[in-house]
Amino acid sequence: HKNAAKPAVFFAGGIGITPFHSIISDAAARRLPHKLLLLYSNRTAASTAFLSDLEAAQRANPNFQLVATITDPGPAGTWRYSTGLMNADFVKPHLQNANAIYYLAGPPSFVAAMRAALGELDADPDNIRTEEFSGY
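## Topic: the sheet that holds strand β4 (residues 82-83)
Ordered by their spatial adjacency, six strands build an open sheet running β4-β3-β2-β1-β5-β6, and the pairing between neighbours is parallel. The two strands at the open ends of the sheet, each matched to only one other strand, are β4 and β6 (128-132). As paired elements, strand β1 (residues 8-13) and strand β5 (residues 101-106) share five bridges and run parallel to each other. Residue pairing in the sheet places Val-9 in a bridge with Tyr-102 of β5. Sitting on the sheet, helix α2 (residues 51-60) is in contact with β2 (36-42) and β3 (64-70), with an inclination near 150° to β3. Across the sheet, helix α4 (residues 108-120) touches β1, β2, β5 and β6, and the angle it forms with β5 is around 155°.

So, in structure tokens, the structure goes:
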């Protein structure tokens, strides 16, 4: 979106990271003033695509924050982010601005769950954009 006063909050489930990866990379390259928050959920650490790119973008762009979680941590390893389901309780501490534009992408069940979580948190439905990826 064009209005840099409105932060962008991205909710990515699995392969839903693909469009956000491009947006985040472009924002860093062009040094856009938009505040960007990525809430990124995967099943396992190994299935977390673009993680090193996103970490690099976070180091390069002070306006970008990465919050990642996995639902199946498996044996103790090197995962240094959160574990557990992304739901309203997980999301709430990260949402600082009621005027944010929310972008949701991933499997249909993930998108529905995030839309419900945002509903629980009284997000304005007019500020929610969705894209569902099914059959992958």
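## Remarks on the pattern of salt bridges
Evaluation of the coordinates by the stated rule reveals two salt bridges. Taking the shortest distance from any N to any O, the salt bridge between Asp-26 and Arg-30 comes out at 3.0 Å. Remark: Arg-30 and Asp-26 occur in helix α1 (residues 17-30); sequence separation between them is four residues, near one turn of the helix. With a relative accessible area of 33%, Asp-26 lands in the partly exposed category. Classification of Arg-30 by relative accessible area gives exposed; the value is 53%.

## Topic: the side chain of Asn-61
With respect to the secondary-structure elements, Asn-61 resides in the loop between α2 and β3. Of the residues examined, Asn-61 reaches a relative accessible area of 5% and is grouped as buried. Within the structure, Asn-61 has its side chain in polar contact with the backbone nitrogen of Asn-63 (distance 2.8 Å). In this structure, Asn-61 is in contact with Ala-27, Ala-28 and Leu-36, ignoring residues within four places of it in sequence.

The rules we used
Residues numbered from 1 in each chain as written. Predicted model: local features only at pLDDT ≥ 70, side-chain atom pairs only at ≥ 80, totals over all residues. Heavy atoms only, no water. Pairing = 2+ DSSP bridges. Helix = DSSP H or I, 4+ residues; strand = E, 2+ residues; numbered from the N terminus. Contact = heavy atoms within 4.5 Å. Axes fitted to C-alpha atoms, helices over the stretch in contact; angles between N-to-C directions. Salt bridge = Lys/Arg side-chain N within 4 Å of Asp/Glu carboxyl O. Buried < 20%, exposed > 50% of the residue type's maximum accessible area, 1.4 Å probe, protein only. Polar contact = N/O pair within 3.5 Å; in protein donor to acceptor, adjacent residues only side chain to side chain.

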